[in-house]
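Residues per chain, in single letters:
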Amino acid sequence: MDNYIKETIFKDYQKRYQDIVLLNENIKNLKISKKPYLIEFLGSCRSGKSTSIELIADVFRKNGFKVLLVDEEKVKETKKVNENRNQKMSVDSLNYTQRVIEEKFFLYDNFTQEDYDIIIFDRGINDEFIWLKTFGAESKEIEDYHQRLDYRYVDMLLILTCDIEISLKRKYLNSLSIMVNKWTNQETMQKYLDSLDEVFPYLEHHAKKIAQFDSSNVDKVDVALDLCNKIVENISNEEQ
């Protein structure tokens, strides 16, 4: 079976096959003494975050690690807004972001006390700094949230970005809907990327390690592979 996978399935992807084999070997030998190891993904829409998170969580679980994924489905405010398009299109973006932050404080404080090897936050608290700036929050409000975060750090913050045109092609060319989205649109996405640069100093305060990746012209599996290798490398370095 292994030879069939290598020689037939990965016939045209031999380098990727070898990279995946090496990755799995490294994960099997990985030790995490300080648990849970906290990872947060943030970044522009359709940059490959969800796919990367799913693939990374899957490979760690299959190698014996206990992994918790805290995605947007666990955020009640987000889930409620996403269930009703009319409500989502009319919601006040800044007020919504403020409510989401309060809930994410609660989720962070609760989940980080649970017995997991790794916890992955899909758009955690740090991501909300960018949305606050995107939606016009005053500098004092952003500073207040920075002070409140205090000890709530993540071990690794992974930032994925993507060219806006490519992001929107990924969205609309893989959909049966061409309706304009409230936040996944050219104007908001540009504001988000600009805001990311402006609030980056805050992110540096709340993450032990930050890695950035531009996924514009990279296959989604290769994006996940590269990020997973960075996670393994960072955990290994901390254990030394």
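Residues numbered from 1 in each chain as written. Predicted model: local features only at pLDDT ≥ 70, side-chain atom pairs only at ≥ 80, totals over all residues. Heavy atoms only, no water.

A.B. asks: Give a description of unusual backbone geometry that names residues and reports values.
C.D. replies: With an omega of -5°, the peptide bond between lysine 35 and proline 36 qualifies as cis. Checked against the element boundaries, proline 36 lands in the loop between α2 (14-28) and β1 (37-43). One non-glycine residue, arginine 123, lies in the positive phi region at around 60°. Looking at where arginine 123 falls in the secondary structure, it is placed in the loop between β3 (118-122) and α7 (125-134). You will see that aspartate 150, though not glycine, has its phi angle at about 45°, which is positive. Structurally, the position occupied by aspartate 150 is in the loop between α8 (139-149) and β4 (156-161). Among the residues examined, aspartate 150 registers a relative accessible area of 55% and is labelled exposed. (Helix = DSSP H or I, 4+ residues; strand = E, 2+ residues; numbered from the N terminus. Buried < 20%, exposed > 50% of the residue type's maximum accessible area, 1.4 Å probe, protein only.)

A.B. asks: Residue-level account of the side chain of aspartate 127, with values.
C.D. replies: Structurally, the position occupied by aspartate 127 is in helix α7. The residues touching aspartate 127, leaving out its near neighbours within four places in the chain, are Glu40, Leu42, Gly43 and Tyr192. (Contact = heavy atoms within 4.5 Å.)

A.B. asks: Quick one: what's the story with helix α10 (residues 186-205), residue by residue and with numbers?
C.D. replies: The terminal C-alpha atoms of α10, which comprises 20 residues, lie 29 Å apart, in line with the 28 Å expected from a rise of 1.5 Å per residue. The sharpest bend along α10 reaches about 55° and sits at valine 199, with the proline proline 201 one to four residues further on. Turning to α10, its buried residues number three or more, namely Thr188, Met189, Tyr192, Leu193, Ser195, Leu196, Val199, Phe200, Tyr202 and Leu203. Where the residues of α10 are buried, they touch β1, α7, α8, β4, α9 (164-172) and β5 (210-214). (Expected span 1.5 Å × (residues − 1). Bend = angle between axes of the 7 residues up to and from the residue.)

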